[in-house]
Structure formats: C-alpha cells, structure tokens
Amino acid sequence: MSFKIKNNVFWVGKTDWELRKFHGDEYSTHRGSTYNAYLIKEEKVALVETVWAPYSEEFVANLAKEIDLNKIDYVIANHAEIDHSGAFPELMRHIPDTPIYCTKNGVKSLKGHYHQDWNFNIVKTGDRLSLGKKELIFVEAPMLHWPDTMFCYLTEDEILFSNDAFGQHYATEYMFNDLVDQTELFHECIKYYANILTPFSPLVIKKIKEVLSFNLPLEIICTSHGVIWRENPGQIVEKYLEWANDYQENQITIIYDTMWNGTRMMAEKIAYGIKDADKEVNVKLFNLAKTDKNDVITEVFKSKAILVGSPTINRGILVSVAGILEQIKGLKFKNKKAAAFGCYGWSGESVKIISAVLEESGFDVIDEGLRMMWNPDDEGITKCVEFGKKFATDISF
Ligand code: FEO
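Small disclaimer: the values here were computed from a predicted structure and weren't measured.

Another point: the packing of aromatic side chains. Tallied over the entire structure, the rule returns 21 aromatic pairs. Considering the side-chain rings of Phe3 and Trp11, the 5.2 Å spacing of their centres and the 15 degrees angle between planes classify their relative orientation as stacked. Exposure class is identical for Phe3 and Trp11. Each is buried. Aromatic pair Phe301 and Phe333: ring centres 6.5 Å apart, planes at 50 degrees, arrangement tilted. With Phe301 in helix α9 (residues 293-302) and Phe333 in the loop between α10 (319-331) and β20 (337-344), this residue pair connects regions lying 32 residues apart in the sequence. A residue is classified by how much of its surface remains accessible, and Phe333, at 5% relative accessible area, is buried.

In structure tokens:
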C-alpha cells in the first residue's frame, strides 16, 4: 500500500497492527505502530527511511511496484535505529551503489548494525541536496532519538521529515492527524514523549527553537511513526515545548506493589487523606505488578508528585517497584516531589531504599516516608490518612 501526501511525495511504509512491544520488551504498543517511509519523485528520486527488519522483503517488493529501484537516486537515513533502517540490507542488495545520506554518527550506527560499506555520504545541518526544482535541507538532531538522528526538509512542498520526533506508536489506516480520534492520538503522543524523549527535554527545546529560527514555512510534518501532521502541524510542536518544560498536571500518582495487601491498604488510605486535604487534585493508584509499566510512566510524567510503596522483602523491595524505579531514574524527571511508604514484618528497609532512589533520580523527597509493621490496624489507618493529608499540604509549598 502507498498513498500520496502532496504533489510527488508518497508514503511507502508499513502499518504494523500486530505490534504490542517495541524496543525489545521495553515499550508497550497497545495500538500497534507504523514505520513511515517516504518516496519523493522529483527530477531526482529520494527514498526517506525504510521499515523494521521483519517487513524488509515486503517493503522492497512493494517499493519495486512503485518505482524501478534503479531509479532511486538517493536514500536518506534520518536515523539508523532498526525500526527505520531494518530494510537497508534487503534494499541495498538490489541497489548497492546508491548513495545513502546520513550524519557522521549515522554511518557509525549503520556500519555497526549491518557491517556493510555502502556508499555513505555524510551531511550536516544546513547541507542541501538538489532533487531538481526542489531541495532537501538537512538538520542534525542528535539524541532525538539517538546520536545519529537528523531531520530533513523538502522545500516548496514545505514538508519536514522529523523521524521519531512528533511521532506516536499508533496504527491507523487514516494516517493523517485530522482524521483520527484525537483522544487516542494525543494519548499515544504523550506516552511516546514521556517514555522516550523525557531525558532529552533540554535538547528538544533547543532543537525546536533552532528549527523555528530558520523561518522555514511548515505545511506538513511527516514523522516516522504514526500519523502525518497536515492539519495545524504547529500544534504538536507546541505540545512538545510544553512537555519539554518540566510538564505536570494537578495530579498525584501512587504506585506500589503488595504481598498480603498491607501496602495496598496503606496506598488507599494515603489516597483518602490526600483527597480529604485537596478536593481538586487528581489522585491515581496503580499496582505495579498489575499495570503496564509504560502506562505508569506516562502517569508519573503527568504528576506533580508521586508516592512509591513496597513492603520489605529480603531486606529489599519488590521487583516490580525496583524495575519502575530504574526506569524512572533513567528518564530524569524534573520538578516533581515524592515520598515512600510500605509495610514490613521485621527488618523494614523498603522505605529508606525507595527514598534514596527517588533522591538519586532527582525527585524532591519531602518526607522521610511512612513505615508500618504488619498490616495497618485502626491506628495505622489513621496514620496513613494523616500522612496523605500532610503530603497533599506539604507539596503546595
Ligand atoms: Fe523509531 Fe529511535 O527509532
């Protein structure tokens, strides 16, 4: 399947309705994804990106129906990650001498993955490639999402090929932002930002400002995942600036795991206390053993504060809690407050362990946390409620 985007620009990618995990098992894709590749048929023909490796034969066979592969003058590798470059070995088997345009780091990554010495041509920000009347202008965008990443811009058609940036893991046959369910779309956008781009927020702001400073008119953003932004493409750029600026909503998220329900009871009573003290705040609870970790990260991203709970086991914490804390540490959230809680039977280290990781992860830990021996009794329940009230009050200062 292919379709026209504008004039001589066509989508030639792959919609992956089956995908449920991405980056190995690291990212859940409840709504599948797309690997967007684009064919620009001007006097010169450029192919922008390919697709993930399992679909390489299908991709090249479909591409050959669109155009004689030998008529492709340039292959543009905006990003070497396998979901975009996976079809290179199959494609280059047919056209081994066709030049590939990418950044210096792109060459390293592509060679590192495929161990091939293809006809690489290194480009930098501001370099131009003539397609005849129109040109491609390259913009390096390191760490959005890998060191090799770049964007390219097609003059006259005013299309930015933004690779991972502004994308979503969202399979749809509609393929344009104005045609899809907006709630689904923006949920997938914020989940993608929260889980993938959060650590690079300062670079996101810098890169968007740099691109805006070029004063290039922008009609369409062709991302490499999910929908193409053709209606008001500036809206997703504005959202990125908002999300990159230490985004938070009036939300407190309580995440925990529990063995015999003591820590769950604590979580629920703390939530009751928060709500009692602040009727406006949105309190959400998630048992980490039962909830998709990327959905949890999205909720943490939206929160002004989090509470993390685990009982003590073997002088440590439960695996589900340790796992999410490792993920949180890597994402480098900023401007969020936190505290820990948990039940124990004898040694009771969990609260200290969680608090230390939260501190190390850049959270403002505003309370030494709440430990409770065995299951909370009436007095314990009261302590949890009071702890929640105090937390809700203290985070306002
Ligand atoms: Fe869609 Fe960083 O790859």
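Position of Lys207 among the secondary structure elements: in helix α6 (residues 201-213). Judged by relative accessible area, Lys207 falls into the buried class, the value being 11%. Counting along the chain gives 65 residues from Lys207 to Pro142, while the straight-line C-alpha distance between them is 9.1 Å.

Here we take up the environment of Val237. Assignment of secondary structure puts Val237 in helix α7 (residues 234-244). For the pair Val237 and Ser310, spaced 73 residues apart in sequence, the C-alpha to C-alpha distance is 38 Å.

Here the focus is α9. For an α-helix the count is 3.6 residues per turn, leaving residues at separations of three or four pointing the same way. The element α9 is largely enclosed, with a buried count of eight among its ten residues. Listed in full, the buried residues belonging to α9 are Asn294, Val296, Ile297, Thr298, Glu299, Val300, Phe301 and Lys302. Sitting at the head of α9, Asp292 places a side-chain oxygen 2.9 Å from the backbone nitrogen of Asn294.

Let us now look at the nonpolar core. Soluble, globular proteins show a tendency: their nonpolar side chains are buried together. The biggest cluster of nonpolar side chains holds 89 residues, and the ones touching the most others in it are Phe166 and Tyr240. Top contributing element to this core by residue count: helix α5 (residues 182-197), with eight residues. Not counting residues up to four positions away in its chain, the partners in contact with Tyr240 are Ala165, Phe166, Gly167, Tyr192, Tyr193, Leu197, Val204 and Ile208. Val9, Ala46, Tyr74 and Tyr101 belong to the second largest nonpolar core, which has 26 residues in total.

Here we take up the pattern of salt bridges. Taken as a whole and judged by the stated rule, the model has 25 salt bridges. One salt bridge connects Arg264 with Glu268, and the closest N-O pair in it is separated by 3.0 Å. Taken together, the residues span about one helical turn, with Arg264 and Glu268 both in helix α8 (residues 262-277) at a distance of four residues. Accessibility expressed as a relative area gives 26% for Arg264, which makes it partly exposed. The partly exposed category is assigned to Glu268, whose relative accessible area is 37%. Notably, a salt bridge pairs Asp367 with Lys390, separated by 3.6 Å at the nearest N-O pair. With a gap of 23 residues between them, Asp367 in the loop between β21 (364-365) and β22 (370-373) and Lys390 in helix α12 (residues 378-394) connect regions that are remote in the sequence. Overall, Asp367 belongs to the buried group, its relative accessible area being 18%. Here the salt bridges share partners, and the residues they tie into one network are Asp276, Lys279, Glu386 and Lys389.

Conventions adopted
- Residues numbered from 1 in each chain as written.
- Predicted model: local features only at pLDDT ≥ 70, side-chain atom pairs only at ≥ 80, totals over all residues.
- Heavy atoms only, no water.
- Phe/Tyr/Trp six-rings, centres within 6.5 Å; stacked < 30°, edge-to-face > 60°.
- Buried < 20%, exposed > 50% of the residue type's maximum accessible area, 1.4 Å probe, protein only.
- Helix = DSSP H or I, 4+ residues; strand = E, 2+ residues; numbered from the N terminus.
- Polar contact = N/O pair within 3.5 Å; in protein donor to acceptor, adjacent residues only side chain to side chain.
- Core = buried A, V, L, I, M, F, W, Y, C linked by side-chain atoms within 4.5 Å.
- Contact = heavy atoms within 4.5 Å.
- Salt bridge = Lys/Arg side-chain N within 4 Å of Asp/Glu carboxyl O.

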